[in-house]
Amino acid sequence: MTTLKDREKAIIEAGYNTFLLRSREVYIDLLTDSGTSAMSDRQWAGLMMGDEAYAGSRNFYHLEDVIHKYYGYKHLVPTHQGRGAEHIISQIMIKDGDVVPGNMYFTTTKLHQEMAGGKFIDIIIDAAHDPESLYPFKGDVDLNKLQNVIDTYGAEKIPYVSIATTVNMAGGQPISMKNLKEIRELTDNYGIKIIHDMTRVAENAFMIQQKEEGYRDMSVAEITRAICDLTDGATMSAKKDAMVNIGGFLAINDDDIFDEARNMVVIFEGLHTYGGMAGRDMEAMAIGIVESVDDEHMKARVGQVHYLGNKLHEAGVPIVKPAGTHGIFLDAKKFLPHVPQDSFPAQTLAAELYLDSGVRAMERGVVSAGRNKETGEHNYPALELVRLTIPRRVYTQAHMDVIAESVENVFVNRDNIKGLKMIYEPKYLRFFQARFEKL
Ligand code: P71
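First, a word on scope: everything that follows refers to the structure included in this document. (Residues numbered from 1 in each chain as written. Predicted model: local features only at pLDDT ≥ 70, side-chain atom pairs only at ≥ 80, totals over all residues. Heavy atoms only, no water.)

Things to note about the overall build of the chain
The helix and strand tally for the chain stands at 16 helices and 14 strands. Overall size of the chain, expressed as C-alpha extent along the three principal axes, is 60 × 55 × 45 Å. For the chain, buried positions account for 61% of its 439 residues. Across the chain, contacts joining residues at least 24 apart in sequence account for 72% of those joining residues at least 6 apart. Counting every atom, the chain has about 17,600 Å² of accessible surface; 50% of that belongs to carbon and sulfur. With 48 positive and 62 negative side-chain charges, the chain shows a separation of 5 Å between the mean positions of the two kinds. (Helix = DSSP H or I, 4+ residues; strand = E, 2+ residues; numbered from the N terminus. Buried < 20%, exposed > 50% of the residue type's maximum accessible area, 1.4 Å probe, protein only. Contact = heavy atoms within 4.5 Å. Areas by Shrake-Rupley, 256 points an atom, 1.4 Å probe, with all protein chains shown as cover. Lys, Arg positive; Asp, Glu negative; His and termini not counted. Charge placed at Lys NZ, Arg CZ, Asp CG, Glu CD.)

What about the sheet that holds strand 11 (residues 362–364)?
Taking strand neighbours across the sheet as the criterion, the three strands line up as 9-12-11 in an open arrangement whose pairing is antiparallel. Where the open sheet ends on each side, the last strands, each with one partner, are strand 9 (327–331) and strand 11. Strand after strand, the sheet turns through a mean of 30° between neighbouring axes, direction not considered. In terms of strand pairing, strand 9 meets strand 12 (residues 385–389) through five bridges, oriented antiparallel. Residue pairing in the sheet places Asp331 in a bridge with Leu385 of strand 12. (Pairing = 2+ DSSP bridges. Axes fitted to C-alpha atoms, helices over the stretch in contact; angles between N-to-C directions.)

Observations regarding the site of the ligand
Inspection of the region around the ligand gives 22 residues, with Thr32, Arg83, Asp197, Ser237 and Arg387 positioned closest. Separating an oxygen atom of the ligand from a side-chain N or O atom of Ser237 is a distance of 2.6 Å. The fraction of the free accessible surface of the ligand (550 Å²) that becomes covered by protein chains is 97%. Of all the secondary-structure elements, those providing two or more residues to the shell around the ligand are helix 4 (82–93), helix 5 (107–115) and strand 11. The biggest single contributor to the shell around the ligand is helix 4, with three residues. Each residue belonging to the shell around the ligand can be placed in one class, and the counts come to five nonpolar, nine polar and eight charged. (Near = heavy atom within 4 Å. Polar contact = N/O pair within 3.5 Å; in protein donor to acceptor, adjacent residues only side chain to side chain. Nonpolar A, V, L, I, M, F, W, Y, C, P; charged D, E, K, R; others polar.)

Describing helix 4
With twelve residues, helix 4 extends 17 Å from end C-alpha to end C-alpha; this agrees with the ideal 16 Å at 1.5 Å per step. In terms of residue burial, helix 4 counts as a mostly covered element, since ten of its twelve residues are buried. Burial in helix 4 covers these residues: Gly82, Gly84, Ala85, Glu86, His87, Ile88, Ile89, Ser90, Ile92 and Met93. (Expected span 1.5 Å × (residues − 1).)

Description of a nonpolar patch on the surface
A cluster of nonpolar side chains, namely Met1, Tyr27 and Val402, defines an oily patch on the protein surface of about 330 Å² accessible area. Checked against the element boundaries, Tyr27 lands in the loop between helix 1 (4–13) and strand 1 (28–29). Among the residues examined, Tyr27 registers a relative accessible area of 34% and is labelled partly exposed. (Patch = residues over 30% accessible without salt bridge, like charges linked within 9 Å, V, L, I, M, F, W, Y side chains within 5 Å. Salt bridge = Lys/Arg side-chain N within 4 Å of Asp/Glu carboxyl O.)

Overview of the packing of aromatic side chains
For the structure on display, the rule yields eight aromatic pairs. Both rings, one in Phe60 and one in Tyr61, keep their centres 5.1 Å apart while their planes meet at 80°; by these two values the pair is edge-to-face. Ring plane angle 35° and centroid distance 6.2 Å describe the contact between Tyr71 and Phe249, whose orientation is recorded as tilted. A residue pair is termed long-range when its members are at least 10 positions apart, and Tyr71 in the loop between helix 3 (58–70) and strand 2 (75–79) and Phe249 in strand 8 (residues 248–252) qualify at 178 residues. As far as burial versus exposure is concerned, Tyr71 and Phe249 are alike and both buried. Clustering of aromatic rings is evident, with ring pairs tying together Phe19, Phe431 and Phe432. Arg364 extends its terminal NZ or CZ atom over the ring of Phe431, reaching a point 4.9 Å from the ring centre. Positioned above the aromatic ring of Phe411 is the side chain of Arg414, whose terminal nitrogen or guanidinium carbon lies 3.9 Å from the ring centre. (Phe/Tyr/Trp six-rings, centres within 6.5 Å; stacked < 30°, edge-to-face > 60°. Lys NZ or Arg CZ within 6 Å of the ring centre and 35° of its normal.)

Some points on the nonpolar core
Formed by 59 residues in total, the largest nonpolar core has its most connected members in Tyr71, Met198, Phe249, Met285 and Ile289. Per-element tally for this core: the top contributor is helix 8 (residues 201–211), with six residues. Look past the residues within four positions of Tyr71 in its chain and what remains in contact with it is Val66, Met198, Val201, Thr224, Arg225, Cys228, Asp229, Met236, Phe249, Ile289 and Ser292. Membership of the second largest hydrophobic core comes to 31 residues, among which are Leu30, Leu312, Ala346 and Leu349. (Core = buried A, V, L, I, M, F, W, Y, C linked by side-chain atoms within 4.5 Å.)

A short note on the pattern of salt bridges
Oppositely charged side chains can form a pair if their charged atoms are brought close together. Within this structure, the stated rule accounts for 27 salt bridges. The salt bridge involving Lys9 is made with Glu13; its shortest N-O contact spans 3.7 Å. With a gap of four residues between them, Lys9 and Glu13 both fall in helix 1, about one helical turn apart. Among the residues examined, Lys9 registers a relative accessible area of 58% and is labelled exposed. Across the pair Asp29 and Arg360 runs a salt bridge whose closest N-O atoms are separated by 2.8 Å. Of this pair, Asp29 sits in strand 1 while Arg360 sits in strand 10 (residues 359–360); the two residues are 331 residues apart in sequence, bridging distant segments of the chain. The class of Asp29 is partly exposed, set by a relative accessible area of 22%.

Shown next, in the form of structure tokens:
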């Protein structure tokens, strides 16, 4: 624990950016659920079974078997984490002048698509941009928007449709099976592929089981597999669902794309049977994947997130509704209506929450959205959010109570909070290293 005086010093040194705090300055760390979950006894035992042969590690073949069984994809290319896979698939599939439609952008995914010469086009339903909409599948694609992109640019300009399960930037919102089937039908008509960002696919499957008609009797594992079967390939950050500290992969059904990806991975990540991971990392991942699709685990994991969401909702704190799966997202526009978006309300709120209690959250608003590639202006996203992200198997209900109390405390004192000014801005993914001063 820290004192207010410690925290005031720390946040100034961090330039009001929670990414720049040291973890020892943090009491409850809700920056991310990425690589921060607790590994199980079995995963730790798996670490001891690491086969650190340079080539052909037995852990790679175990991982490959698990991915075939639970996700169904034909080929596996291991990478050090999700963005390594995004880099490879973007470079192989996207050409200059292409467009990539997707269910809302993710920071690293979009940047890799742009760096490969593509333009990302958001085709998510309008409800996803509205924190108050109670529609249960705010990760759904608006099929008219997709049709429109196909009509405007032509199918040959669309290397693939980028589909995330769940949609992080919308608040961890799931996509429905019905919608995914419709996207498959439409893309099949034009021979367009679907590349699946499956970073939180098991959480999405759980929401389908709970909320979509006809899936109550299917297991999370079965629904997960059914989702993957509707797509042509996937990028995975195993640091989320699969509960490892580091790791990821690209999975693909097409033989030719696999051939290219396997060739490229040796340039950027490592040999095609480890891709930047140690053998032990691959073993822990293989075990984590199996644990991630366990129904009871998912019930506890998402249940804890919803416990926090209900508390904040009952206290009248503006949050994205309905609650998603990996965290609760505060609606900073409603929380701090007197702070204009170019004074970074979400960045401000994350700093204030840290000052109040040492809880570290993450900005997901105008800072994360970066600048327009052509005009150089800030992108002003409809959603200006602070994410309280819950690592898996780490915190207790009592921690959730402390978090809720602190958010409520900041909410009561919200009128006294002023915005920030950016004093240092990196060129790429600026939210990681940008620095601010109090206005
Ligand atoms: C999260 C992260 C980690 C992160 C990434 C960028 C900015 C801030 C924090 C990573 C994801 C993700 C989705 C849907 C791909 C990645 C990249 N999320 N897709 O939420 O959520 O994976 O971090 O393993 O490279 O805190 P990677």
